[in-house]
Amino acid sequence: MGFCRGEIDMVSVELQNIVKKYRNVTAVDNVSFKVDHGEFFVLLGPSGCGKTTTLRIIAGLETPDSGRVLFDGRDVTNVPAKNRNIGMVFQSYAVWPHMKVYDNIALPLQIKKLSREEIEKRVKAAAQMVNIAHLLDRYPFQLSGGEKQRVAVARALAFEPNILLMDEPLSNLDALLRVQARAELVKLQKELKITTIYVTHDQTEAMVLADRVAVMNKGRIMQIGTPDEIYNRPVNKFVAHFIGTPPINFFAGTVEEGCINAGFLVIPFKNIPPGLVGKKVTIGIRPNDISISPIEQGIPVKGKLVVAENLGSEFILHVAIGDVVLRVLSKNKPAKEEVTLYVDKTKLHIFSEEETRINILPA
Amino acid sequence: MRKVLVYLIAFLISLWILTPIIYTVLASFADILDYYQHLIPQKYTLKYYEEYWRLGVGDALVRSIEIGVLTVLLSFLIGIPAGYAIGRLKFRGRNSIQLTILFFRVLPIVVMAVPLAVVFLKIGLYDTIFGVTLAHTAIALPFVVLITSSIFASVPRDLEEAGTVFGLSSLQIFTKITLPLVAPGLAAAGMFAFLISWNEVVASTILTYLNRTLPAAVLAPYVMGMGAAGQLPDPYRFAAATIMIIPAFLFMAYIRKYLTAMWGSAGVR
């Protein structure tokens with residue numbers, strides 16, 4: 001067994017109704033999900049949403065107040081962390097400063113009582129995999145942040161864990177390095193096919209890395225789905241707002257017979273349930289679903305250009321229509337102040353007053 | 001050029017520190033007449049050391065080392081758990097306990113020593129190594145607690161948690177991760193405790209009569225017997241100082257390697 005030979009024990013992870021409270025704060029509130037064999041699963045949410053606590057519960061570093069943790073159907077809720085065969089990459093990397101890189105990777109294997117040859121083989125293979133083979137003789141303080149991060153990953157891989165847990169492993173790297181490390185992580189995970197649970201507050205990271213994403217807020221899971229599902233069909237206003245850059249536009253509207261009226265924009269809808277008529281709703285549209293040139297499903301709206309943010313390859317246009325300012329992602333900047341926007345009516349997201357998604361189709 | 005400057009400054013500082021020490025050692029071997037005639041003595045003698053030896057300084061030296069080591073052990077035994085608790089755990093009254101520990105340093109040793117002598121006489125600890133060790137431990141303990149608490153507080157929790165995740169038992173985490181990380185701090189605390197005991201003279205003088213520690217024994221001729229203080233020729237004092245310095249030097253040199261472990265404080269970025 002082992003990644004050196006291209007095979008690894010894949011384990012599924014299931015959380016059932018996990019609750020964790022600190023004094024009077026509920027950090028994790030009835031969280032349930034299942035991560036399949038070999039899946040890359042990302043817990044995404046703003047700071048303080050309970051994603052790290054959830055990860056620590058899976059690792060066994062925290063004990064849930066109620067609920068169960070299952071590895072391959074086996075209840076491990078009360079199994080101590082050291083017996084869970086988990087590899088973890090910490091946000092701070094937690095590379096032991098008094099040991100050389102080699103020993104950092106080797107110590108967990110020595111504890112496993114592996115033979116000297118096996119340890120050496122695994123350390124070298126793991127180091128090779130993350131391109132730190134030339135650093136094995138260094139002490140951590142001689143390494144850069146990116147190199148330390150790789151040591152942390154190598155340590156976790158050499159351990160040949162059943163599950164790989166990562167707690168914001170890229171958040172301490174600078175922007176360029178982060179993009180590079182992200183791409184390497186995807187490649188690595190696809191090669192190794194190791195069940196991975198990854199915590200981040202960076203939605204781009206989640207979109208790039210994940211097979212599936214769980215969006216968390218205030219200790220609860222808002223939505224679980226593929227990056228596409230989460231992006232295209234957010235179940236509530238929070239998810240719609242949290243995913244996507246630049247952020248989605250929201251404006252208010254009222255449901256009428258056969259249409260939704262937002263004042264400056266009236267959108268005809270099919271199959272509006274009768275109970276909905278007269279209700280207030282929030283309408284969401286992503287900046288890249290609005291165009292400044294005519295498109296097939298576009299509804300034209302006249303507005304005035306307020307600001308154009310230059311991103312280099314494109315612009316974020318801020319267009320005022322009465323009281324509402326819409327952000328529009330556009331390849332080019334319009335010449336005149338007066339612009340006509342084309343709002344793609346198939347890409348609208350309608351949310352109820354309770355902020356949950358209403359599934360209706362435009363006519 | 002800059003390097004030369006650095007070396008020059010280092011040399012001057014070393015000179016500043018070493019000159020009196022070297023002179024002290026040199027003068028302690030000087031023949032009395034010669035000492036008063038030449039700045040750098042030319043005739044040497046072991047006379048003063050022989051006389052101190054006759055006065056039992058050899059035994060006192062051994063006793064001082066014993067008491068110093070015992071003080072380190074005892075103050076570690078009590079102080080490290082306390083330091084760990086204050087540095088690592090969160091509990092009610094932590095700050096007031098920390099303040100109370102500091103407060104004990106406000107009491108002058110003389111004030112403490114005389115009543116202690118009375119108590120020790122009653123319970124049979126007077127003039128014993130253990131009695132002096134107890135007094136020295138009381139003096140050294142606040143330092144040990146303060147130093148170790150800040151050392152334990154500086155070990156990131158992540159490093160220990162990484163140990164847990166990667167299969168280490170609590171004991172293995174302590175011996176393989178926490179202990180190596182705090183070792184330089186413990187060495188510093190041990191050094192402090194030893195030197196406090198080594199240099200302590202008031203309590204040692206009051207709490208012993210025959211079984212003097214080194215400083216007490218060296219001081220004894222001045223306090224009683226051999227003429228009034230100031231009557232002894234200078235080389236005697238230099239010899240006394242040398243006797244005090246050398247063992248402390250050796251101890252420091254030995255423990256120094258723990259202090260300057262190469263990943264030291266500069267390592268944790």
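This is a predicted model, so every value here is computed, not measured.

Reading the values: rules and limits
Residues numbered from 1 in each chain as written. Chains lettered and ligands numbered in written order. Predicted model: local features only at pLDDT ≥ 70, side-chain atom pairs only at ≥ 80, totals over all residues. Helix = DSSP H or I, 4+ residues; strand = E, 2+ residues; numbered from the N terminus. Buried ≥ 20, exposed ≤ 12 C-beta atoms within 10 Å, placed from the backbone. Contact = placed C-beta atoms within 7 Å. Nonpolar A, V, L, I, M, F, W, Y, C, P; charged D, E, K, R; others polar. Pairing = 2+ DSSP bridges. Axes fitted to C-alpha atoms, helices over the stretch in contact; angles between N-to-C directions. Core = buried A, V, L, I, M, F, W, Y, C linked by C-beta atoms within 7 Å. Domains from an automatic or database assignment. UniProt positions renumbered as here; feature names shortened; annotations may be inferred. pLDDT = per-residue confidence, 0-100.

Moving on, we come to the overall build of chain B. Broken down by element type, chain B carries 13 helices and zero strands. Listed N to C, the secondary structure of chain B is α-α-α-α-α-α-α-α-α-α-α-α-α in terms of helices and strands. Judged by the C-alpha coordinates and their principal axes, chain B covers about 70 × 65 × 30 Å. For chain B, the residues scored as buried account for 33% of the 269 residues in total. Expressed as a percentage of contacts within chain B between residues at least 6 apart in sequence, the contacts between residues at least 24 apart total 78%.

What follows covers the overall build of chain A. Assigned secondary structure in chain A consists of eight helices and 21 strands. Seen through its principal axes, chain A has C-alpha atoms that stretch 75 × 45 × 40 Å. Put simply, chain A has 363 residues, and 40% of those count as buried. Summarising the internal contacts of chain A: among those between residues at least 6 apart in sequence, 65% fall at separations of at least 24.

All names here are of chain A. Mapped onto the elements of the fold, G303 is located in strand β16 (residues 298–310). Distance in space between the C-alpha atoms of G303 and V339 is 5.4 Å, their sequence separation being 36 residues. Setting aside chain neighbours within four positions, we find G303 in contact with V319, A320, I321, V339 and L341.

This paragraph deals with the interface of chain A and chain B. Tallying the contact residues gives 20 residues for chain A and 21 residues for chain B. Contributions of two or more residues to the side of chain A that touches chain B are made by β6 (86–89) and α2 (101–111) of chain A. Considering every element that reaches the side of chain A that touches chain B, the biggest residue donor is α2 of chain A, with three residues. Looking at the side of chain A that touches chain B residue by residue, the classes come out as 16 nonpolar, two polar and two charged.

Another aspect to go through is the sheet that holds strand β8 (residues 195–200) of chain A. Residue and element names in this part refer to chain A. The strand order β6-β7-β8-β3-β9-β10 describes an open sheet built from six strands, whose pairing is mixed. If you trace the sheet from one side to the other, it starts and ends with β6 and β10 (220–225), each paired once. On average, adjacent strands in this sheet sit at an angle of 15 degrees to one another, irrespective of strand direction. Sheet analysis places strand β3 (residues 40–44) next to strand β9 (residues 212–217), joined by four bridges and oriented parallel.

Time to look at unusual backbone geometry. All names here are of chain A. Across the junction of T245 and P246, the peptide omega takes the value -15 degrees, indicating a cis bond. When you line up the elements, P246 lands in the loop between α8 (237–242) and β11 (249–256). A positive phi angle, close to 50 degrees, is found at N85, a residue other than glycine. Within the fold, N85 resides in the loop between β5 (74–75) and β6.

So, about the nonpolar core. A154, L165 and I197 of chain A are the most contacted members of the largest nonpolar core, which has 134 residues in total. For this core, the element with the highest residue contribution is helix α7 (residues 129–153) of chain B, accounting for twelve residues. Among residues more than four places away in sequence, those in contact with L165 of chain A are L55, I58, A59, I86, G87, M88 and I197 of chain A. The next biggest cluster of nonpolar side chains, apart from the first, holds 17 residues, and it includes Y48, V57, V218 and Y236 of chain B.

Turning next to the domain arrangement of chain A. Residue and element names in this part refer to chain A. Partitioning chain A into structural domains gives domain 1 (3–242) and domain 2 (249–358). Centre-to-centre, using C-alpha coordinates, domain 1 lies 38 Å away from domain 2. Counting from both sides, the interface comprises six residues of domain 1 and, opposite them, seven residues of domain 2. Counted by class, the side of domain 1 that touches domain 2 contains four nonpolar, one polar and one charged residues.

Residue and element names in this part refer to chain B. According to the domain assignment, chain B consists of domain 1 (1–45) and domain 2 (53–267). Each of domain 1 and domain 2 was reduced to a C-alpha centroid, and the two centroids are 30 Å apart. Each partner contributes residues to the interface: domain 1 has eight residues there, and domain 2 has eight residues. No other element matches the five residues that helix α1 (residues 2–28) contributes to the side of domain 1 that touches domain 2. A breakdown of the residues in the side of domain 1 that touches domain 2 according to their chemical character gives six nonpolar, two polar and no charged.

What follows deals with the UniProt feature "transmembrane region" (unreviewed entry) in chain B. Residue and element names in this part refer to chain B. This chain's UniProt record puts "transmembrane region" (unreviewed entry) on residues 67–87, 99–123, 129–152, 173–196 and 236–255. The span residues 67–87 is 100% helical and 0% strand by assignment, and the distance between its end C-alpha atoms comes to 28 Å. In residues 173–196, helix accounts for 100% and strand for 0%; the two terminal C-alpha atoms are 32 Å from one another.

Before going further, it helps to spend a moment on the confidence of the model for chain B. Residue and element names in this part refer to chain B. Per-residue confidence for chain B averages 85 on the pLDDT scale, and 91% of its residues sit at or above 70. Per-element mean pLDDT across chain B ranges from 41 in helix α13 (residues 264–267) up to 94 in helix α8 (residues 157–165). Predicted confidence for residues 262–269 stays below pLDDT 50, and this span has twelve contacts to residues more than four positions away or in other chains. For this predicted complex, the interface confidence score (ipTM) comes to 0.85, while the overall pTM stands at 0.79.

Turning to the sheet that holds strand β19 (residues 338–344) of chain A, a few remarks are in order. Working definition: the strands of a sheet are paired by backbone hydrogen bonds and lie parallel or antiparallel to each other. Residues and elements named next belong to chain A. In space, the five strands of this open sheet follow the order β15-β19-β16-β17-β18, with antiparallel pairing throughout. Either end of the sheet is taken by a strand with one partner, and the two such strands are β15 (290–291) and β18 (324–330). Pairing of β16 with strand β17 (residues 315–321) involves six bridges; the strand directions are antiparallel. By the bridge assignment, V307 is partnered in β17 with H318.

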